[in-house]
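# Topology and contacts: notes
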Amino acid sequence: MAERPLTLMAVHAHPDDEATSTGGVLARYAAEGVTTVLVTCTDGRCGDGPGGVKPGEEGHDPAAVVAMRQAELEASCATLNVTHLETLGYADSGMMGWPTNDLPGAFWTTPVSEAAARLAELIRRYQPDVIVTYDENGFYGHPDHIQAHRITMAAVEQTDVPAKVYWTTVPRTAFAEFGRIMKELGVEWAEPDAATEPGPQLGLPDDEITTWVDTSKYGAQKFDALATHASQTENIFFLQLGQERFTELMGVETFVRVRDRTGAPTPEDDLFAGLR
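A brief look at the structure comes next. (Residues numbered from 1 in each chain as written. Predicted model: local features only at pLDDT ≥ 70, side-chain atom pairs only at ≥ 80, totals over all residues. Heavy atoms only, no water.)

In a regular helix each residue adds 1.5 Å, so 19 residues correspond to 27 Å; helix α2 (residues 62-80) covers 26 Å between its end C-alpha atoms and thus fits that length. What α2 keeps buried is the set V65, R69, E72, L73, S76, C77 and L80. The buried residues of α2 all sit within an arc of 140° when viewed along its axis, so they share a single face. Away from its buried face, by an angle of more than 90 degrees, α2 presents the exposed residues A63 and A78. As for α2, its buried residues are in contact with α1 (17-31), β2 (35-42), β3 (84-90) and α6 (219-227). For α2, the N-terminal capping position is held by D61, with its side-chain oxygen 3.1 Å away from the main-chain nitrogen of A63. Positive phi appears at N81, one or two residues downstream of α2, with a value of about 60°. (Helix = DSSP H or I, 4+ residues; strand = E, 2+ residues; numbered from the N terminus. Expected span 1.5 Å × (residues − 1). Buried < 20%, exposed > 50% of the residue type's maximum accessible area, 1.4 Å probe, protein only. Arc of directions from axis to C-beta. Contact = heavy atoms within 4.5 Å. Polar contact = N/O pair within 3.5 Å; in protein donor to acceptor, adjacent residues only side chain to side chain.)

Turning to helix α5 (residues 172-184), its buried residues number three or more, namely F175, F178, G179, I181 and M182. Angularly, the buried residues of α5 cover 165° about the axis, an arc narrow enough to put them on a single face. Buried residues along α5 sit against α7 (236-240) and α8 (242-250). Immediately downstream of α5, the backbone of G186 shows phi near 80°, a positive value.

For the rest of this paragraph, the subject is the side chain of T152. As for its placement among the helices and strands, T152 is situated in helix α4 (residues 143-159). For T152, a relative accessible area of 0% gives the class buried. Setting aside its immediate chain neighbours within four residues, T152 contacts V11, L119, I131 and T133.

Right, here's the structure in full:
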């Protein structure tokens, strides 16, 4: 019998999250013959509607936004050659403090045990060798990202399946480069300042990042995947960079390894180090 292919599972909160932080690894590992599984936890209803209309504004139709973002998600998966897309279908909770946080069916108010049990079922089905999700702050404090982290780690404990688990992150040095490019484009940008801004800092010092994956060969796919989500105005800036500058800025994806059975030394340049 043929050996089972290696499998990567990425657990994300919303349609488009897969492209920004893991589009490169999804494309790269698919090209290398790895089975890729994307789990998207929410329906994205708190995103922008057609024409950039925001939630709560006149003309924002959550049901229409859900349908639009599902189509965009499927197009992104096709662009990245994702093998399997699974959607949990919870209602997008919106940003922290929004009234939508507490609506019935919102992901943020769903018991962790309930959502983790559904994710655990998918983990048992696909048997991923590697799982990628967010850190405990959801990278920047979004409730759905935090909840995705919580249910992923709970499901990992229930199943004991993956050999390696990673959290996405960004090196702090990258913020300086991002700021430089923003200023070149005439956009005001203030680099996050730990001394003046409360709460967890974004990203990590370079020496705390365990895993640096070069995805620059797949920059065009990552750019095109993000472009499928062009209805969301926060993505417009990245698309305005153009493919070449976008790849220069986002051609390495970085992670913190938080679970490992392989003993592979760090820093590493491959999520599957020690597995092949």
